[in-house]
Amino acid sequence: MNIIIFGPPGAGKGTQAKFLVKKLNNFQISTGDMLRDEIKKDTEIGKKIINHMNDGKFVEDEIVNKLLEQIIFDTKKMNKLIFDGYPRTLNQAKNLDILLEKSNQEIKHIFFLNVNKDTIVKRIEKRKILEKRSDDDASTILKRYDTYMKITQPVLDYYSKKQNFHEVDGSMEINDISQKIEEILNV
Ligand code: AMP
């Protein structure tokens, strides 16, 4: 089944996506990881996005949508997708709907990990030490949170009306969040 893990930066999307990948034998689709990989490999895309990413701004929809297109039509991964960090804009959400329809797939569940700003700041400061991400410093965290509130919030409105939308308290312990997701999935 295809699942979207949705939420602000630092909500634990990556952690829960990894949990589901293991549990369901699925694939984690992290646009953040894909973009960091482009930077690491110093590709044309990487050169174009490095400043934007380090500054906590979103990468253009066109670039992210193109990266995603290759994944959606990958027959090995079809109906085994765990989306982590995509979609983040309404344009991306609508693009995803089109690509899913074209590839005859659907989203089975959308999990929204709801976390408040204070918890996010504390978590990302911890993550900076552990993962050494260049976009995890204090001022960038706040910028990323503001970007989320401005641009990603409309995506939440779009998804929250759907029947397969589940809000989970993302401030709980990692294992408790995983357990809650498991209960909803009934796996
Ligand atoms: P993440 O690893 O999901 O926290 O993403 C890290 C950064 O990558 C974000 O702050 C954005 O700059 C960029 N990024 C990741 N996913 C997207 C997306 N779907 N749309 C635009 N930018 C993205």
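Everything here concerns the structure above.
Residues numbered from 1 in each chain as written. Predicted model: local features only at pLDDT ≥ 70, side-chain atom pairs only at ≥ 80, totals over all residues. Heavy atoms only, no water.

Quick look at the nonpolar core
Here's step 1: In terms of nonpolar packing, the biggest core is built from 29 residues, with Ile4, Leu35, Leu68, Ile72, Phe83, Leu96 and Tyr159 touching the most fellow members.
Here's step 2: Contributions of two or more residues to this core are made by strand E1 (2-6), helix H2 (31-40), helix H3 (44-54), helix H4 (61-72), strand E3 (81-84), helix H5 (90-102), strand E4 (107-114) and helix H7 (138-160).
Here's step 3: Here the element with the most residues in this core is H4; it accounts for 6 residues.
Here's step 4: Setting aside anything within four residues of it in sequence, one finds Leu35 in contact with Ile49, Met53, Val59, Ile63, Val64 and Leu67.
Here's step 5: Of all hydrophobic cores here, the second largest spans 18 residues; its members include Ala11, Val115, Ile141 and Ile181. (Core = buried A, V, L, I, M, F, W, Y, C linked by side-chain atoms within 4.5 Å. Buried < 20%, exposed > 50% of the residue type's maximum accessible area, 1.4 Å probe, protein only. Helix = DSSP H or I, 4+ residues; strand = E, 2+ residues; numbered from the N terminus. Contact = heavy atoms within 4.5 Å.)

Looking at helix H1 (residues 13-24)
Here's step 1: Look at H1: 16 Å from first C-alpha to last across 12 residues, which is about the 16 Å you get at 1.5 Å a residue.
Here's step 2: Where H1 is concerned, the buried positions are Lys13, Gln16, Ala17, Leu20 and Leu24. Angular distribution of buried residues about the axis of H1 spans 105°; they occupy a single face of the element.
Here's step 3: Where the residues of H1 are buried, they touch E1, strand E2 (27-30), E3, E4 and helix H8 (174-185).
Here's step 4: After H1 finishes, the residue Asn25 shows a positive phi value of roughly 60°. (Expected span 1.5 Å × (residues − 1). Arc of directions from axis to C-beta.)

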